[in-house]
Amino acid sequence: MSPRLASAAILLLGTALLGGCSSTVHLEPADDANNPLCAEVMVGLKNANSIADMDRRWTDAQSTAAWTAPDGASAILLRCGVTVPGPTADLQCVSLEGIDWLVDDSESPKLRLTTYGRNPAVQLYIDTEVVSSNDVISSRALVGPLISIHADRQCTTPDELDEDAQELLS
């Protein structure tokens, strides 16, 4: 084998090995991913290299972020600009660290949490077999940027809703 061919083979092998170490997480951008407030959230996440001991990975979609477990499995996925949810009695609404979340546990043990009362809405997809959802949504690295989106409403219980809202939920 010529020295030139050997060098090319080593370069290709090295590139392949290094590329395997820095995998990109494929995500689909939300419909409103180009919202300027999503850009602010993403800039605010610049110091969120780790959330709940999960390392941040590159993503291939605008206004998204991902954190993975040591084995490389995606544990936390974030998308900004998802459809802003309206009032619902179908999902539990929880408040933590000043942010209200609608909790969809239909894919348990994976949870889908969507900010409530904020436009644009941010959605987290959390694998609770790998990480505690409470650890994620109470992380200061995550909460700080999300607070930058002003809340125009808050969680409430169905018996506190006015009659018009209760009719919509029936």
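Refer to the preceding data block for the structure.
So, how was this worked out
- Residues numbered from 1 in each chain as written.
- Predicted model: local features only at pLDDT ≥ 70, side-chain atom pairs only at ≥ 80, totals over all residues.
- Heavy atoms only, no water.
- Pairing = 2+ DSSP bridges.
- Helix = DSSP H or I, 4+ residues; strand = E, 2+ residues; numbered from the N terminus.
- Contact = heavy atoms within 4.5 Å.
- Axes fitted to C-alpha atoms, helices over the stretch in contact; angles between N-to-C directions.
- Core = buried A, V, L, I, M, F, W, Y, C linked by side-chain atoms within 4.5 Å.
- Buried < 20%, exposed > 50% of the residue type's maximum accessible area, 1.4 Å probe, protein only.
- 1 Å grid on protein atoms, 1.4 Å probe; cavity = no way out; pocket = protein on both sides within 12 Å on 5 of 7 lines; lining within 4 Å.
- Points joined across faces, edges and corners; volume = space filled by probe spheres on them.
- Nonpolar A, V, L, I, M, F, W, Y, C, P; charged D, E, K, R; others polar.
- Disulfide = S-S within 2.5 Å.

(A) Inspection of the sheet that holds strand E8 (residues 121–127) at higher detail. Strand order in the open sheet made by the 8 strands is E1-E2-E3-E4-E8-E7-E6-E5, with antiparallel pairing throughout. The outermost strands of the open sheet, each flanked by one partner alone, are strand E1 (50–51) and strand E5 (92–96). Pairing of E1 with strand E2 (residues 54–57) involves 2 bridges; the strand directions are antiparallel. Across the sheet, serine 50 pairs through a bridge with aspartate 55, a residue of E2. Contacts from helix H4 (residues 140–147) reach E1, strand E4 (74–82), strand E6 (99–107) and E8, with the element oriented near 115 degrees to E6.

(B) A look at the nonpolar core. Counting 29 residues, the largest nonpolar core has Leu45, Trp67, Ile76, Leu78 and Leu124 as its most contacted members. At the level of elements, helix H2 (36–44), strand E3 (64–68), E4, E6, strand E7 (110–115), E8, helix H3 (133–137) and H4 are the ones that each hand at least two residues to this core. Of all the elements, E4 adds the most residues to this core, at 4 residues. Among all residues touching leucine 45, those that are not within four sequence positions of it are Arg56, Ala65, Trp67, Leu78, Ala141, Leu142 and Pro145.

(C) The arrangement of the layout of surface pockets in detail. Size it by volume and the largest pocket reaches roughly 170 Å³. Lining the largest pocket we find Met42, Lys46, Asn49, Arg56, Arg57, Trp58, Thr59, Thr64 and Ala65. Elements that contribute at least two residues to the lining of the largest pocket include exactly E2 and E3. Looking at the lining of the largest pocket, its residues break down into 3 nonpolar, 3 polar and 3 charged.

(D) Broad picture of the state of the cysteines. Overall, the coordinates contain 2 disulfides when judged by the stated rule. Covalently, cysteine 38 is tied to cysteine 80 through a disulfide, its sulfur atoms 2.1 Å apart. Handedness of the cysteine 38-cysteine 80 disulfide follows from its S-S torsion of about -85 degrees: it is left-handed. Of this pair, cysteine 38 sits in helix H2 while cysteine 80 is found in strand E4, placing the two residues 42 residues apart along the sequence. The two residues cysteine 38 and cysteine 80 agree in class, both being buried. Shown here is the disulfide that connects cysteine 93 with cysteine 155, its sulfur atoms set 1.8 Å apart. Of note, the bridge from cysteine 93 to cysteine 155 carries an S-S torsion of about -65 degrees and is left-handed in sense. On the criterion of sequence distance, the pair formed by cysteine 93 in strand E5 and cysteine 155 in the loop between H4 and helix H5 (163–169) is long-range, its members being 62 residues apart.

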